[in-house]
Amino acid sequence: MTSKKDFKKISDWLWEIPKSFRHDMRVPARIYASEKMLEEILKDESISQLINGCTLPGILKYGVAMPDCHEGYSVPIGFVGAIRTSDGIISPGACGFDINCGMKLLKSEYSEKEIKPHLEDLAVEIQKEVPSGLGRGRQIKLSIKQIDKILEGGAPDLVKNSYGEKEDIENCEANGCLEWANASMVSERAKNRGRDQVGTLGSGNHFCEVQKVAEIFNERVAEIFGLFRDQIVIMVHTGSRGLGHQVCTDYLREFIPLMLNKYKIKVPDREFACVPFNSPEGQRYFAAMASAANYAWANRQMITHYTRKAWKSVLGEKSSSLTSLYDVAHNIIKKEKYLINGKETEVIVHRKGATRAFPPGHSEIPERYRESGQPAILPGSMGTASYVMVGTKEGEEAFYTTAHGSGRTMSRHAATRAVSGEEVVRKLEQKGIIVKCWSMRGIAEEAPIAYKDVEEVVNVTHYAGLSKKVVRLVPLAVIKGE
Amino acid sequence: MVEYDINRGIMKKFEILEHKADLKMRVFGKSKKELFRNAVLAMVSGLQPKVKSRRLKVKNIKIKSDNLETLLVDFLSEVLYLSQVNREIYSDVKFKKFSDKEIEAELVGQKVESFSGDIKAVTYHNLDVHQTENGTWQATILFDV
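Each chain carries its own residue numbering, running from 1 in the written order of its sequence. Written order decides the labels, with chains lettered from A and ligands numbered from 1. Local features are withheld for residues below a pLDDT of 70 in this predicted model, meaning they are given only at 70 or higher, and side-chain atom pairs are given and counted only at 80 or more; totals for whole chains, interfaces and linings count all residues. The basis for every side-chain value is the complete set of non-hydrogen atoms in the structure, without hydrogens or water.

1. Considerations on the side chain of Glu129 of chain A
Residues and elements named next belong to chain A. Each helix is a run of H or I in the DSSP string that is no shorter than four residues. Each strand is a run of E no shorter than two, and both are numbered from the N terminus. With respect to the helices, strands and loops of the structure, Glu129 is situated in helix 4 (residues 119-129). Each residue is assigned to one of three classes by its accessible area relative to the maximum for its type, calculated with a 1.4 Å probe on protein chains only: buried under 20%, partly exposed between the two thresholds, exposed over 50%. On the basis of relative accessible area, Glu129 is assigned to the buried category, the value being 10%. Counting of polar contacts relies on pairs of N or O atoms within 3.5 Å, with two restrictions inside protein: one atom must be capable of donating a hydrogen and the other of accepting it, and residues adjacent in sequence are counted only when both atoms are side-chain atoms. A polar side-chain atom of Glu129 sits 3.4 Å from a polar atom in the side chain of Lys309.

In structure tokens form, the structure reads like this:
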């Protein structure tokens, strides 16, 4: 068990556990948190899981935990680690089951005042058009051939077929498609799980929210992002659904024996299921992960399409449509280059519950954001504020990574015992927030009391320089599908 | 979830343990087969299904794995896959073959109208399967939800 005295305080927002703390650590462990948050984080397994992440072969500099981190399996949720491609490993467990779970933010040209009279209708229509995929709702079953096209073509494939705009692709991490995807590396069963889930939200903390811009912190960047006060925006949080879950399941099952017997890699948790990145198996998983990531971008693109449909059906065909601010993953493995010990080094960055936030001038962000930096979308818990942040140069310290949300503090089980779904809905309605959901228990599990305060998380990332605040968004309607 | 009263000498089938983000469960069984069967019921409780029709559906499965622990996870992963793809839940398992490394079984279940809960996957994290001093079996399993 670790305690506060095991940490070296680097700044008010950054703490480090030296490599000497545990014999199997290859690099130090770092955590971005205020002192108060650190004390909370020490109560669960986050830190020992972070230390486990620091034992991975090929990991460079340090393993990093974000202020919203909480225990998961293998590494904690809220982890980033950069692993040398030349001789390091790739770990399906350190990406997780929900490959390319991520955020998309759609902007409208309308203010709260203009939308308020239509809000209820809009929430009902979005709930109908964007189902959870677990209940009733639209059920279209794609063929395996269509799934293969999505796996290799990602969001651009849908836009080509009139399910979106050119700008949707430009304003999306990796332009919505990782080119090293290979559908033949994805099992038939994974494809089967994905056949009826394109355009569905899933469950848990996944959601669609109608929000308004409540506060602007950086006028110049907000202007570049096209955000203005009282503006109505729509936020989407979902990932690769059953297809991604099955890809991870398949490769974990295959890799655990390989890790132990063939490659003889010793790690503290078999859930890492890691193999050398430069092995045939490692490359297969990397291509399968990319395929699932493409599916997730296609899923969020399809949700965008259906949200626009709902928008037009309520506000009329002549209403101006929704445009995409950005779409960014928070569970993904990508090749990136960093200056490490004075040498440009290619690494395989594992982000699990952590958001990429590239700085101004970075070549991998759209031209329109080159001056400002990449938008990073940080959702709060249900019914609380969310933030649009922007990537910074200082973020390089954490491999250009920022937090991904508020992070849980209470188990789902404990949340359902502490509060009923009806009570949560009533409290949100008292605050003027409309809730459209399909499971009252699901609502209780996601109650705001079960999460860290998003303001604290955002402040740490802001003051530590991982990303800077641009605007604060507050919810008007929470929609969790049919 | 207490299905039976342990004080009256009847074994409970499973219980939920505290875990911040995921669904951690302890499963009980008088034998390994019962343990596996109860693990399926534990998973079904996490899916919170609304059954559509009472008509019975049968699926056959075959699973091979390295050891008893991973066999349990791989078995549950397969049942989860079948549940989600076919929109069915399985409430009984009839084993045709059962060893520490291999299972052949018939799953018996029903069509589901909707699930109120979702299980993304069955993890190997802190997985534990063991026989207790009194000869019964216990497993601790973490489901990613």
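2. What to know about helix 12 (residues 421-430) of chain A
Residues and elements named next belong to chain A. Among the residues of helix 12, those classed as buried are Gly421, Val424, Val425 and Leu428. Taken around the axis of helix 12, the buried residues stretch over an arc of 95°, which confines them to a single face. By the convention used here, residues are in contact when the closest approach between their heavy atoms is within 4.5 Å. As for helix 12, its buried residues are in contact with strand 18 (434-436) and helix 13 (440-445). Once helix 12 ends, the next one or two residues include Gly432, with phi positive near 85°. The directions considered for the arc run from the helix axis to the C-beta atoms.

3. Observations regarding the pairing of strand 1 (residues 8-11) of chain A
Residue and element names in this part refer to chain A. If DSSP finds at least two bridges between two strands, the strands pair. Across 3 bridges, the pairing between strand 1 and strand 2 (residues 14-17) is antiparallel. Each residue of the ladder has a partner; that of Ser11, found in strand 2, is Leu14. What sits between strand 1 and strand 2 in their antiparallel hairpin is a turn of 2 residues.

4. Things to note about the interface of chain B and chain A
Put simply, an interface is often sized by how much accessible area is lost when its parts join up. Each side of the interface is counted separately: chain B has 37 residues, and chain A has 42 residues. Summing the contributions of chain B and of chain A, the shared interface buries around 3,400 Å²; its carbon and sulfur component is 47%. On the chain B side of the contact with chain A, Lys20, Tyr81 and Tyr124 of chain B bury the most area, a combined 23% of that side's loss. Salt bridges, as used here, are contacts in which a Lys or Arg side-chain nitrogen is within 4 Å of a carboxyl oxygen on Asp or Glu. Scanning the region where chain B abuts chain A turns up 7 salt bridges. When two parts are put together, the accessible area they lose, computed with a 1.4 Å probe and summed over both, is reported as buried area.

5. A word on the confidence of the model for chain B
pLDDT gives the predictor's per-residue confidence on a scale running from 0 to 100. Of the residues in chain B, 94% have a pLDDT of 70 or more, and the chain-wide mean is 91. The complex model carries a pTM of 0.96, and its ipTM stands at 0.92.

6. So, unusual backbone geometry
Residues and elements named next belong to chain A. A positive phi is found at Asp230, a non-glycine position, where the angle reads about 70°. Position of Asp230 relative to the elements: it lies in the loop between helix 8 (219-225) and strand 9 (231-238). Residue Asp230 is classed as partly exposed on the basis of its relative accessible area, which comes to 30%. Within the chain, Asn341 stands out as a residue other than glycine whose phi angle is a positive 50°. Considering the arrangement of structural elements, one finds Asn341 in the loop between strand 12 (331-340) and strand 13 (343-352). When its relative accessible area of 80% is taken as the criterion, Asn341 is described as exposed.

7. Comments concerning the pattern of salt bridges
Residues and elements named next belong to chain A. This structure, assessed with the given rule, holds 52 salt bridges over all chains. Two residues, Glu112 and Lys212, come together in a salt bridge whose shortest N-O distance is 3.0 Å. Here Glu112, found in helix 3 (residues 112-115), pairs with Lys212, found in strand 8 (residues 207-216); they are 100 residues apart in sequence, far enough to count as distant. For Lys427, the salt bridge goes to Glu423, with nearest N and O atoms at 3.9 Å. Highlighted residues: Lys427 and Glu423, both in helix 12, separated by 4 residues, approximately one helical turn. Ionic contacts of the salt-bridge type, sharing partners, join the residues Glu112, Lys116, Lys212 and Asp230 into one network.

8. Describing the packing of helix 5 (residues 144-160) of chain A against helix 10 (residues 280-315) of chain A
All names here are of chain A. Put simply, helix 5 and helix 10 touch, their axes get as near as 7 Å, and they point 45° apart. Classified by the angle their axes make, helix 5 and helix 10 are oblique. Pair helix 5 / helix 10 crosses with left-handed handedness. Side by side, helix 5 and helix 10 meet where Ile147, Ile150, Leu151, Glu152, Gly154, Ala155, Leu158 and Val159 of the first sit next to Ser291, Ala292, Asn294, Tyr295, Trp297, Ala298, Gln301 and Met302 of the second. Note on method: axes are straight lines fitted to C-alpha atoms, helices fitted across the in-contact stretch only, with angles between N-to-C directions ranging 0 to 180 degrees. Small angles under 35 degrees read as roughly parallel and large ones over 145 as roughly antiparallel, with 65 to 115 read as roughly perpendicular and the rest as oblique. If you view the pair so one helix is near and one far, a crossing is left-handed when the near helix is turned anticlockwise from the far one by less than a right angle, and right-handed when it is turned clockwise.

9. As for helix 1 (residues 32-47) of chain B
The end-to-end C-alpha separation of helix 1 of chain B is 23 Å, in line with the 22 Å expected for 16 residues at 1.5 Å each. Immediately downstream of helix 1 of chain B, the backbone of Gln48 of chain B shows phi near 45°, a positive value. By this rule the span expected of a helix is its residue count minus one, scaled by 1.5 Å.

10. Here's the deal with the nonpolar core
For the purposes of this section, nonpolar cores are sets of buried Ala, Val, Leu, Ile, Met, Phe, Trp, Tyr and Cys residues that join through side-chain atoms within 4.5 Å. Of all hydrophobic cores here, the largest spans 200 residues; its most connected members are Ile31 and Phe225 of chain A together with Phe75, Leu76 and Phe143 of chain B. When residues in this core are grouped by element, the largest group, 17 residues, is from helix 10 of chain A. With residues up to four places along the chain from it excluded, the contact list for Ile31 of chain A reads Phe7, Trp13, Leu14, Trp15, Leu38, Ile41, Ile47, Leu50, Ala65 and Cys69 of chain A. Counting 10 residues, the second largest nonpolar core, distinct from the first, contains Val419, Val425, Ile433 and Val435 of chain A.

11. Quick notes on the environment of Ser319 of chain A
Residue and element names in this part refer to chain A. Tracing the sequence through the fold places Ser319 in the loop between helix 10 and strand 11 (323-329). Sequence spacing of Ser319 and Ile83 is 236 residues, and the spatial spacing of their C-alpha atoms is 48 Å. Apart from the residues within four sequence positions on either side, Ser319 is in contact with Tyr110, Trp311 and Lys312. There is a polar contact of 2.7 Å between the side chain of Ser319 and the backbone oxygen of Gly316.

12. Observations concerning the side chain of Ser65 of chain B
All names here are of chain B. Relative to the helices and strands, Ser65 is located in the loop between strand 4 (57-64) and helix 2 (68-86). There is a polar contact of 2.9 Å between the side chain of Ser65 and the side chain of Thr70. The contact partners of Ser65, leaving out residues within four places of it in the chain, are Thr70, Leu71, Asp74 and Lys101.

13. Concerning the packing of helix 4 of chain A against helix 10 of chain A
Residue and element names in this part refer to chain A. Contact pair helix 4 / helix 10: the axes reach a minimum separation of 9 Å and the direction vectors enclose 145°. Regarding helix 4 and helix 10, the two cross each other, and that crossing is right-handed. The segment helix 4 lies against helix 10, with Asp121, Leu122, Glu125, Ile126 and Glu129 engaging Tyr306, Thr307, Lys309, Ala310, Trp311, Ser313 and Val314. Looking at the contact of helix 4 with helix 10 residue by residue, the classes come out as 6 nonpolar, 2 polar and 4 charged. By the convention adopted, Pro, Cys, Tyr, Trp, Phe, Met, Ile, Leu, Val and Ala count as nonpolar, Lys, Arg, Asp and Glu as charged, and the other residues, Gly among them, as polar.

14. Quick word on the sheet that holds strand 3 (residues 29-32) of chain A
Residue and element names in this part refer to chain A. Ordered by their spatial adjacency, 7 strands build an open sheet running 1-2-3-4-5-13-12, and the pairing between neighbours is mixed. On the outer flanks of this sheet lie strand 1 and strand 12, each paired with one strand and no other. The average angle at which neighbouring strand axes cross in this sheet is 40°, direction not considered. Where strand 4 (residues 63-73) lies against strand 5 (residues 75-84), 4 bridges are found, and the strand directions are antiparallel. Counterpart to Ala65 in the pairing with strand 5 is Phe79. Here helix 10 sits on the sheet in contact with strand 12 and strand 13, set at roughly 115° to strand 12. Where helix 14 (residues 454-464) meets the sheet, it contacts strand 3 and strand 4, and its direction lies at approximately 150° from that of strand 4.

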